[in-house]
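# Observations on the three-dimensional arrangement
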Amino acid sequence: MRDMPPGVRDKVYGPEYVSEGVVVHGEVSTPRTFGYDELLARPQVTVDGCVILCGSGKVKDVPRTISGVLLRDLLDEARIRLDDHEDPNLTYVVAIGNDGYRALFSWHELFNSPAGEGVLVALTKDGAPLGDNEGRLCLVSTQDERAGPRRIRYLSSVEVRRI
């Protein structure tokens, strides 16, 4: 993972940042690496009309469709450890891109609310593979009103953590 200085995130990066897979690790029973081809072979969820707005409300992207795999399905396969009754309340997920950008999700957002039905490890946009400026894998929270702050280009790691 590369650390990027503040303000550099909006620049277009090249193929050196593109990830070929995503590692799911941390508070899981079965840490997993999901490769691009493996993810592409899975059933895809498609979301129509997802507008990517940045935190200020500026339009960043307007794809007609985004398709990918639900993040919570990958987390289910890695089997998040929830041994105690309070563990769901204390568990969170950090998605990390090769450019150092991070986004945070609570366990409840992903598994106990409609938001989880729209958090995708995106593989295609408008029917085509993602470009080098997004990486082959990009996490998008399609149910967010402003999806830009939690869009992780060059997705490479998903860490499950506990408070």
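Rules used throughout
- Residues numbered from 1 in each chain as written.
- Predicted model: local features only at pLDDT ≥ 70, side-chain atom pairs only at ≥ 80, totals over all residues.
- Heavy atoms only, no water.
- Helix = DSSP H or I, 4+ residues; strand = E, 2+ residues; numbered from the N terminus.
- Rg over C-alpha atoms; globule rule 2.2 N^0.38 Å.
- Contact = heavy atoms within 4.5 Å.
- Areas by Shrake-Rupley, 256 points an atom, 1.4 Å probe, with all protein chains shown as cover.
- Lys, Arg positive; Asp, Glu negative; His and termini not counted.
- Charge placed at Lys NZ, Arg CZ, Asp CG, Glu CD.
- Polar contact = N/O pair within 3.5 Å; in protein donor to acceptor, adjacent residues only side chain to side chain.
- Pairing = 2+ DSSP bridges.
- Axes fitted to C-alpha atoms, helices over the stretch in contact; angles between N-to-C directions.

## Examining the overall build of the protein chain
Each helix and strand in the protein chain was counted, giving 4 helices and 12 strands. The globule rule puts the C-alpha radius of gyration for 163 residues at 15 Å, and the 15 Å found for the protein chain is close to it. If one aligns the C-alpha atoms of the protein chain with their principal axes, the spans along those axes are about 45 × 35 × 30 Å. Once local pairs closer than 6 in sequence are excluded, the contacts in the protein chain between residues at least 24 apart make up 64%. Of the roughly 8000 Å² that the protein chain leaves accessible, carbon and sulfur atoms contribute 50%. Distance from the positive charge centre (20 side chains) to the negative charge centre (25 side chains) of the protein chain: 5 Å.

## Quick look at the side chain of S67
Locating S67 in the fold gives a position in strand β6 (residues 65-70). Within polar-contact distance, the side chain of S67 engages the side chain of T46 at 2.7 Å. Residues contacting S67, with those up to four places away along its chain left out, are Q44, V45, T46, V121, A122, L123 and T124.

## Re the sheet that holds strand β12 (residues 155-162)
Reading across from one edge, β2-β1-β12-β7-β8 is the order of the 5 strands in this open sheet, with mixed pairing throughout. Taken across any chain shown, the strands that pair with only one partner, and hence form the sheet edges, are β2 (32-35) and β8 (102-106). Averaged over all pairs of adjacent strands, the angle between strand axes in this sheet comes to 15 degrees, irrespective of strand direction. Judged from the 4 bridges that link them, strand β1 (residues 21-26) and β12 form a sheet pairing that is parallel. Each residue of the ladder has a partner; that of V23, found in β12, is S157. The sheet contacts of helix α2 (residues 71-78) involve β1, β2, β7 (91-97) and β12, and relative to β2 the element is tilted by about 140 degrees.

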